[in-house]
Amino acid sequence: TEGNMKRLLTEEEVIIPEGVTCTVKSRTVTIKGPMGEVTRSFRHIACDMKLVERKGKKVLVIKMWFGTYKQCAAVKTIATHVENMITGVTKGHLYKMRMVHAHFPINLSISEGGRVIEIKNFIGEKHVKKINLLPGCTVKKSESPKDQIEIQGIDLENVSLSCALINQCIAVRHKDIRKFLDGIYVSDKGHISEEQNGYDPSDILHQINHTLRILPFKKK
């Protein structure tokens, strides 16, 4: 069948921008940039990875020989991971989370230089929930709005997993989740450099919502 047929060669290329250094050794990729260094191993995937120079630019070439349909799909996945690593060391990754509560306000405190979060009074609970962020991630409270926190770092996987730890730590249990919507949810994703330049995607969303609110509603 077509699903079991093997392709002769599947190839993907990732261009390494200026100011970024890429090294490959035994399918372990290390990316260095202005904001730091990220290392990731792809040794669990059988493929060829090497750096070449084309038209004065360094290019990471990923090849897989005689791979099945599902095995070849991993080539594009590796290329995407490397692109996210490059974005992380040049722009950084920033996730925003909003605290949602109906009655009991969520008390959130940050300690150890933004590496530990303590959550109190979730749905009136006395138990204090403590979350240790993954390496390379820091959290801070936003100036506006007040019920928002920002998790940032250069490793996209660690940043997103840290957000998942926060979200899952205060999951509502033994209650109807359609009624009890309290929690901390991801509201926006972006880059650290955009925030420093004053770009805020929520401003655009606010303008769109305001425009929709003032549009006249015609009854049929």
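Given the structure is predicted, the values throughout are model-derived calculations rather than measurements.

**Notes on the overall build of the protein**
Okay, step 1: Summing up its helical and strand segments, the protein has four helices and 13 strands in all.
Okay, step 2: For the protein, the proportion of its 220 residues judged to be buried stands at 31%.
Okay, step 3: Surface summary for the protein: the accessible area is close to 14,600 Å², and the carbon and sulfur share equals 52%.

**Concerning the environment of Pro135**
Okay, step 1: Position of Pro135 among the secondary structure elements: in the loop between strand S10 (129-132) and strand S11 (138-141).
Okay, step 2: Separated by 23 residues in sequence, Pro135 and Asn158 place their C-alpha atoms 7.1 Å apart.

**Here we look at the confidence of the model for the protein**
Okay, step 1: In the predicted model, the protein carries a mean pLDDT of 88, and the fraction of residues at 70 or more is 87%.
Okay, step 2: Within the model, the stretch residues 204-220 combines pLDDT values under 50 with one contact to residues more than four positions away or in other chains.

**Quick look at the sheet that holds strand S3 (residues 28-33)**
Okay, step 1: Spatial strand order, S2-S3-S4: three strands in an open sheet with antiparallel pairing. Because the sheet does not close on itself, it has two edges, and the strands there are strand S2 (21-25) and strand S4 (36-41). Strand-to-strand, the axes of this sheet are offset by a mean angle of 15 degrees, without reference to chain direction.

**Quick word on the pairing of strand S5 (residues 48-54)**
Okay, step 1: As defined by bridge partners, S5 adjoins strand S6 (residues 57-67) across seven bridges and the pair is classed as antiparallel. Looking across to S6, one finds that Lys50 is bridged to Val61.

**Section: the sheet that holds strand S13 (residues 183-190)**
Okay, step 1: An order of S11-S12-S7-S13 is seen for the four strands of this open sheet, with the pairing classed as antiparallel. The outermost strands of the open sheet, each flanked by one partner alone, are S11 and S13. The average undirected angle you get between the axes of adjacent strands in this sheet is 25 degrees.
Okay, step 2: Pairing geometry for strand S7 (residues 93-100) and S13, over seven bridges, is antiparallel. Counted as the bridge partner of Tyr95 is Lys189 from S13.

**Section: the packing of aromatic side chains**
Okay, step 1: Applying the stated criterion across every chain, the model contains zero aromatic pairs.
Okay, step 2: Here the guanidinium or amino end of Lys175 rests over the ring plane of Phe180, the centre of that ring lying 5.9 Å away.

**Structural notes on the nonpolar core**
Okay, step 1: Counting residues in hydrophobic clusters, the biggest one holds 23 residues, and the most contacted among them are Ile31, Met49, Ile62, Ile78 and Val82.
Okay, step 2: Broken down by secondary-structure element, the contributors of at least two residues to this core are strand S1 (7-16), S3, S6 and helix H1 (69-90).
Okay, step 3: Sorting elements by how many residues they give to this core places H1 first, with eight residues.
Okay, step 4: Ignoring sequence-local partners within four residues, the contact set of Ile78 consists of Phe42, Ile45, Cys47, Met49 and Ile62.
Okay, step 5: Counting residues in each nonpolar core, the second largest holds 21 residues, with Met99, Leu108, Cys163 and Val172 among its members.

**A few points about the pattern of salt bridges**
Okay, step 1: In total, this model carries six salt bridges according to the counting rule given.
Okay, step 2: For the salt bridge of Arg54 with Glu13, the shortest nitrogen-to-oxygen distance reads 2.1 Å. Taken together, the residues span a long stretch of sequence, with Arg54 in strand S5 and Glu13 in strand S1 at a distance of 41 residues.
Okay, step 3: In this structure, Lys129 engages Glu125 in a salt bridge whose closest nitrogen and oxygen atoms are separated by 3.5 Å.

**A look at H1**
Okay, step 1: Here H1 spans 33 Å end to end across 22 residues, near enough to the 32 Å set by a 1.5 Å rise per residue.
Okay, step 2: When H1 is considered as a whole, its buried residues turn out to be Cys72, Ala74, Val75, Ile78, Ala79, Val82, Met85, Ile86, Gly88 and Val89.
Okay, step 3: Structurally, H1 contributes buried residues whose contacts are with S1, S3, S4, S5, S6 and S7.
Okay, step 4: Gly92 sits one or two residues past H1 and shows a positive phi near 80 degrees.

Conventions we followed
- Residues numbered from 1 in each chain as written.
- Predicted model: local features only at pLDDT ≥ 70, side-chain atom pairs only at ≥ 80, totals over all residues.
- Heavy atoms only, no water.
- Helix = DSSP H or I, 4+ residues; strand = E, 2+ residues; numbered from the N terminus.
- Buried < 20%, exposed > 50% of the residue type's maximum accessible area, 1.4 Å probe, protein only.
- Areas by Shrake-Rupley, 256 points an atom, 1.4 Å probe, with all protein chains shown as cover.
- pLDDT = per-residue confidence, 0-100.
- Contact = heavy atoms within 4.5 Å.
- Pairing = 2+ DSSP bridges.
- Axes fitted to C-alpha atoms, helices over the stretch in contact; angles between N-to-C directions.
- Phe/Tyr/Trp six-rings, centres within 6.5 Å; stacked < 30°, edge-to-face > 60°.
- Lys NZ or Arg CZ within 6 Å of the ring centre and 35° of its normal.
- Core = buried A, V, L, I, M, F, W, Y, C linked by side-chain atoms within 4.5 Å.
- Salt bridge = Lys/Arg side-chain N within 4 Å of Asp/Glu carboxyl O.
- Expected span 1.5 Å × (residues − 1).

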